Amino acid sequence: MKIDMTRRRSLYGALAGVAAIGAGGTLWRAWSNGVFSVGEGPAYAPWRAWPHAAAEGPPGLVEAGILASNAHNTQPWRFRVSQDTIALHADPARHLGNFDPFRREMQLSLGCVLENIWLAARARGLEVRVETRGGRLAPGDTEAAPVAVIRLTPGERAEIPEYRAIANRRTHRGAYDARAVPAALQEEMQGLAARAPNSGSFRLVLFGAGPEKDRLGELIVTATQAIIGDREMAMDSARWFRFDWRAIQEHRDGVTIDTVGLPPLLTAAAKIIPAPSPEQADRQWLAGTRDVHVATAPLMGLIAVRDLYDRPTALDAGRLWQRLHLWATHRGLAAQPLNQPCEMVDREAVLGAPPRTASALATLTGDEAWRPTFIFRMGYAEQAARLSPRRSPNQVLAG
Ligand SMILES: Cc1cc2nc3c(=O)[nH]c(=O)nc-3n(C[C@H](O)[C@H](O)[C@H](O)COP(=O)(O)O)c2cc1C
């Protein structure tokens, strides 16, 4: 009996030791994978620097530019600055491969950058003239010329409300609540689109409710399934997912666990458990798209253009998205692009496959000549979205 008690005590002791090591291991994993340092470290420094610690002149405007929305957080940009110009270049190495074969989303992303720079320059009392490179986007194009040259001259200071939202804008992938986006705000959005540069080259179409909105939601889910079923696309997308804190701080790009829109406890758990396999991550993406993104979308919208692959038009459409997202931030609205159908249109085109997605999308604009190039949802969200990483201005400024 005495021996039994002693044995039992040492057994409990051993179990407690294992539990302590387990808890310690979990804590260690939590600590080392950033559970306690959300939004901290050098990868997030550019968000804190803008606007108060930003440099003078064009390099300071670049600091606003790099906070722009951009596809998969690839940050496909490089800048060359002089005293009064900023040349905005694509970084052809930072692409989404088969996910963006025409680099249309890359060009949209550069448009987003341009809009931030424009707003920041105007707020600093500079007039802005933008010269954009013409021509069409084509697979395999690695042209080194700048996509836009921004010329700055002294002028009147214009602080536009969206300017103040530059450092607060985040892509929000969590659940939105049931509140509708009021008609007056939808009209404001249409006003922004109507006053945007080259507004004749795009249309903003909004869906507050009704069968067209449902069809758009279904198309987003179907396109997500198609992407997941296409190994080349899925792999080229997965390359930009960062599950590891050290990788985030080192690469300072990509889509992270913090930004997928999970509630705080689930976010912490997702950082502690082993990273999902690509197939698991795909399934989670599909479930999130169907059950959260499409299911909780009080307002959906799209930007349609006549020519998907016209370079200046894609740049203008990107500018419009950035402006709308900043406006939404200023108005307390959450927003998320949901571009899977547009990505499938490009993929079908490059493979020479029947244009199923393009045909389905065409019915939503009311005129087949207008083709969606960007799709999004908006609404009100209880939880705040988290920061995404950014490379430093020094990493993207050339010469
Ligand atoms: C052209 C373009 C396409 C995008 N497509 C999607 C998308 O389909 N789904 C999504 O959740 N976010 C999408 N985004 C948002 C980016 O992933 C996001 O801007 C990036 O990760 C940086 O995060 P931030 O917007 O919070 O700064 C897109 C952004 C752009 C400019």
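Residues numbered from 1 in each chain as written. Predicted model: local features only at pLDDT ≥ 70, side-chain atom pairs only at ≥ 80, totals over all residues. Heavy atoms only, no water.

*Asks:* Can you walk me through the confidence of the model for the protein in this structure?
*Replies:* For the protein, per-residue confidence averages 93 on the pLDDT scale, and 94% of positions sit at 70 or higher. Counting interchain partners and residues more than four positions distant, the pLDDT-below-50 stretch residues 17–21 has zero contacts. (pLDDT = per-residue confidence, 0-100. Contact = heavy atoms within 4.5 Å.)

*Asks:* How should the environment of L206 be read in this particular structure?
*Replies:* Within the element layout of this structure, L206 appears in strand β5 (residues 202–207). As a C-alpha pair, L206 and T365 span 159 residues in sequence and 9.7 Å in three-dimensional space. Filtering out sequence-adjacent residues up to four positions away, L206 remains in contact with Q186, M189, Q190, L299, M300, G301 and F376. (Helix = DSSP H or I, 4+ residues; strand = E, 2+ residues; numbered from the N terminus.)

*Asks:* Quick question: what am I supposed to make of the nonpolar core here?
*Replies:* As a rule of thumb, nonpolar side chains are buried together in soluble globular proteins. In this structure, W50, F79, M189, L216, W321 and M378 are the most contacted members of the largest nonpolar core, which totals 91 residues. With 10 residues, helix α4 (residues 104–123) is the largest single contributor of residues to this core. Composition of this core by domain shows at least three residues from each of domain 1 (54–167 + 388–398) and domain 2 (183–379). Each residue touching F79, except ones within four places of it in the same chain, is listed here: V62, I66, I86, A87, L88, V113, I117, V396, L397 and A398. Counting eight residues, the second-largest nonpolar core is a separate cluster that includes A71, L96, I227 and M233. (Core = buried A, V, L, I, M, F, W, Y, C linked by side-chain atoms within 4.5 Å. Buried < 20%, exposed > 50% of the residue type's maximum accessible area, 1.4 Å probe, protein only. Domains from an automatic or database assignment.)

*Asks:* Can you walk me through the pattern of salt bridges in this structure?
*Replies:* Note that side chains of opposite charge can pair when their charged atoms are close. Counting across every chain of the model gives 24 salt bridges. Note that R104 is salt-bridged to E105, the shortest N-O span being 3.6 Å. Accessibility assignment for this pair places R104 and E105 in one class, buried. Note that D141 is salt-bridged to R133, the shortest N-O span being 3.8 Å. (Salt bridge = Lys/Arg side-chain N within 4 Å of Asp/Glu carboxyl O.)

*Asks:* Explain the pairing of strand β2 (residues 85–90) here, please?
*Replies:* As a general feature of sheets, a regular strand has side chains that alternate between the two faces. Extensive coverage of β2 is indicated by the burial of five of its six residues. Pairing of strand β1 (residues 77–81) with β2 involves five bridges; the strand directions are antiparallel. Pairing of V81 across the sheet is with I86, part of β2. Relative to strand β4 (residues 148–154), β2 runs antiparallel, the two sharing four bridges. Each bridged residue has a counterpart across the sheet, and for L88 the counterpart in β4 is A148. (Pairing = 2+ DSSP bridges.)

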